[in-house]
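# Inside the fold
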Amino acid sequence: MEARAMNDLDIYRSLPEALLPWYRQNKRDLPWRHDREPYHVWVSEIMLQQTRVEAVIGYYERFLHVLPDIRSLAEADPELLHKLWEGLGYYSRVRNLQKAAQQVMEQHSGIFPNRHEEIRQLAGIGPYTAGAVASICFELPKAAVDGNVLRILSRILSDDRPIDKESTKAAMAAALEEVYPEGSCGDFTQALMELGATVCIPKSPRCEICPARGFCRAHGAGNMTDYPVKSPKKEKRVEQKTVLILDCGGEIALCKRGETGLLAGLWELPNLPGHLDADEVMTAAQEMGVGPDRPEWVVDRSHIFTHIRWEMKGWRILCTQKAEDLTWASPEELRDKYALPTAFRQFFEV
Ligand code: SF4
């Protein structure tokens, strides 16, 4: 059937038939696809949120090596969890993973629940992850609609509703669930993910090898990159900070962030609001009781979070006293023991 002659429902109905054989022939060999164990699929899906596949593989393998099952995750030391997650960012994800593992231990006798409503009740599991686990592990007709799937559907349907609106996501998920193929729900979810990751990519979609090109409206019209449509972006808030790299005999001062808010509960380098000059920095270090000797260097760094951009000036200061209310870490401890978010760790890459 010609793309133009097909209505939206016809197009949705064409998806499983077009995508499933393509996926089975072309899927990448990824470690979390070796089985359909819910713990494995769940951990991989949480890691893959906001992070590229290539970056996740090493983290995933290390995480499962250290924490091979739900019980070990539920009982893990939070410091170890942060260390295993270091560099992946969005640390609330790993804290929620542990909370959910504890829920599974307490409420489901350690067995990952197989009902969608129960999966959805677990900490950190939103509609996307619940849909992924429910369909891949339990063959339930539940859609997992993320940015990749929204992009594919927007293009195939020439749908110009903004994809960041919850109403768009919900409508597309509901329409997809109507056509989930019985017995192949997990493969259908993964086929959509794979198409978005390898073929219907954001900038230059590879329509020439796409199994949906026969009925894709955007491909027919040649305006693929007009989709997806997004609402205008809000400007990120900019925060200026002065970061102190206090070095006393080769050990570096760390402190803990508060238990709520951005990077909650993680280690950080001591820092102050605003951009301080050399005199102000020396005064601040004096007040911290570290016996500052001299500033060694200053370097500019920035870090972008979802809604905030930090613009940081990092001062390395040689010190003569280890103030007791700071934690002092050797280079080996910085590498192996303390989880320091990328926003701060980048000051050691000078
Ligand atoms: S034909 Fe092109 S635009 Fe349409 S789904 Fe395939 S890759 Fe995307």
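Given the structure is predicted, the values throughout are model-derived calculations rather than measurements. (Residues numbered from 1 in each chain as written. Predicted model: local features only at pLDDT ≥ 70, side-chain atom pairs only at ≥ 80, totals over all residues. Heavy atoms only, no water.)

### A word on the pairing of strand E6 (residues 308-319)
Counting buried positions along E6 yields nine of 12 residues, so the element is predominantly enclosed. Here strand E5 (residues 292-304) pairs with E6 via 11 bridges, running antiparallel. Within E6, the position partnered with Asp 300 by the bridge is Lys 313. The turn joining E5 and E6, which pair antiparallel and follow one another in sequence, is formed by three residues. (Buried < 20%, exposed > 50% of the residue type's maximum accessible area, 1.4 Å probe, protein only. Helix = DSSP H or I, 4+ residues; strand = E, 2+ residues; numbered from the N terminus. Pairing = 2+ DSSP bridges.)

### What about the packing of aromatic side chains?
Summed over all chains, the structure comprises eight aromatic pairs. These aromatic residues form a ring-pair network of at least three members: Tyr 39, Trp 42 and Phe 112. The aromatic ring of Tyr 59 is capped on one face by Arg 62, whose charged end is 5.1 Å from the ring centroid. Above the ring of Trp 310, the side-chain terminus of Lys 241 is found at 4.6 Å from the ring centroid. (Phe/Tyr/Trp six-rings, centres within 6.5 Å; stacked < 30°, edge-to-face > 60°. Lys NZ or Arg CZ within 6 Å of the ring centre and 35° of its normal.)

### A look at the site of the ligand
In the vicinity of the ligand, the residues found are Arg 155, Ile 156, Val 199, Cys 200, Pro 205, Cys 207, Cys 210, Arg 213, Cys 216, His 219 and Met 224. Judged by its atoms lying within 2 Å of the grid points, the ligand is housed in the largest cavity. Its residues assigned to classes, the shell around the ligand comprises eight nonpolar, one polar and two charged. (Near = heavy atom within 4 Å. 1 Å grid on protein atoms, 1.4 Å probe; cavity = no way out; pocket = protein on both sides within 12 Å on 5 of 7 lines; lining within 4 Å. Sits in = over half its atoms within 2 Å of the grid points. Nonpolar A, V, L, I, M, F, W, Y, C, P; charged D, E, K, R; others polar.)

### What to know about the nonpolar core
Of all hydrophobic cores here, the largest spans 64 residues; its most connected members are Trp 42 and Phe 63. Per-domain counts for this core show at least three residues from each of domain 1 (3-226) and domain 2 (237-349). Ignoring anything within four residues of it in the chain, the contact list for Trp 42 reads Leu 73, Leu 97, Ala 100, Ala 101, Phe 112, Ile 125, Thr 129 and Val 133. (Core = buried A, V, L, I, M, F, W, Y, C linked by side-chain atoms within 4.5 Å. Domains from an automatic or database assignment. Contact = heavy atoms within 4.5 Å.)

### Focus: the confidence of the model for the protein chain
Counting all residues, the mean pLDDT for the protein chain is 94, and 98% of those residues have values of 70 or more. No element of the protein chain has a lower mean pLDDT than E5, which averages 89, and none a higher one than helix H4 (residues 70-75), which averages 98. (pLDDT = per-residue confidence, 0-100.)

### Notes on unusual backbone geometry
Note the cis peptide between Tyr 227 and Pro 228, where omega equals 0°. Its location among the elements puts Pro 228 in the loop between helix H12 (217-221) and strand E1 (237-248). Its identity as a non-glycine residue notwithstanding, Glu 139 has a phi of 55°, on the positive side. The topology assignment puts Glu 139 in the loop between helix H8 (127-138) and helix H9 (147-157). On the basis of relative accessible area, Glu 139 is assigned to the partly exposed category, the value being 29%. Backbone geometry places Ser 158, a non-glycine residue, at a positive phi of 50°. With respect to the helices and strands, Ser 158 occurs in the loop between H9 and helix H10 (166-177).

### Thoughts on the packing of helix H3 (residues 53-66) against helix H5 (residues 78-85)
The contact between H3 and H5 brings their axes to 10 Å, and the two run at 155°. In this view, H3 runs roughly antiparallel relative to H5, as classed from their interaxial angle. Counted together, Tyr 59, Arg 62, Phe 63 and Val 66 of H3 and Leu 80, Leu 81, Leu 84 and Trp 85 of H5 form the full contact between these two elements. In terms of residue class, the contact of H3 with H5 is built from seven nonpolar, no polar and one charged. (Axes fitted to C-alpha atoms, helices over the stretch in contact; angles between N-to-C directions. Parallel < 35°, antiparallel > 145°, perpendicular 65-115°, else oblique.)

### Some thoughts on empty space enclosed by the protein
In this approach a probe as big as a water molecule rolls over the atoms, and the regions it shows empty are the leftover space. Using the criterion set out here, one finds one cavity of 30 Å³ or more in the structure. Empty space within the largest cavity amounts to approximately 100 Å³. Counting residues per element, the lining of the largest cavity draws most heavily on H9, at three residues. (Points joined across faces, edges and corners; volume = space filled by probe spheres on them.)

### Notes on the pattern of salt bridges
On inspection of all chains with the given rule, the structure shows 24 salt bridges. The residue Asp 336 makes a salt bridge to Arg 335 at a minimum N-O spacing of 3.0 Å. Taking relative accessible area as the criterion, Arg 335 reaches 54% and is therefore assigned exposed. Among the ionic contacts, a cluster of salt bridges with common partners joins Arg 24, Arg 36, Glu 139 and Asp 187. (Salt bridge = Lys/Arg side-chain N within 4 Å of Asp/Glu carboxyl O.)

### Quick look at the domain arrangement of the protein chain
Domains assigned within the protein chain are domain 1 (3-226) and domain 2 (237-349). On a C-alpha basis, the centres of domain 1 and domain 2 stand 37 Å from each other. Taken together, the contact pairs eight residues of domain 1 with 17 residues of domain 2. Of the roughly 850 Å² buried between domain 1 and domain 2 on both sides combined, carbon and sulfur atoms contribute 47%. The tally of links from domain 1 across to domain 2 stands at seven residue pairs in polar contact (both at pLDDT 80 or more). The element best represented in the side of domain 1 that touches domain 2 is H5, accounting for three residues. Within the side of domain 1 that touches domain 2, the residues separate by chemical class into two nonpolar, two polar and four charged. (Buried area = accessible area lost by both parts, 1.4 Å probe. Polar contact = N/O pair within 3.5 Å; in protein donor to acceptor, adjacent residues only side chain to side chain.)

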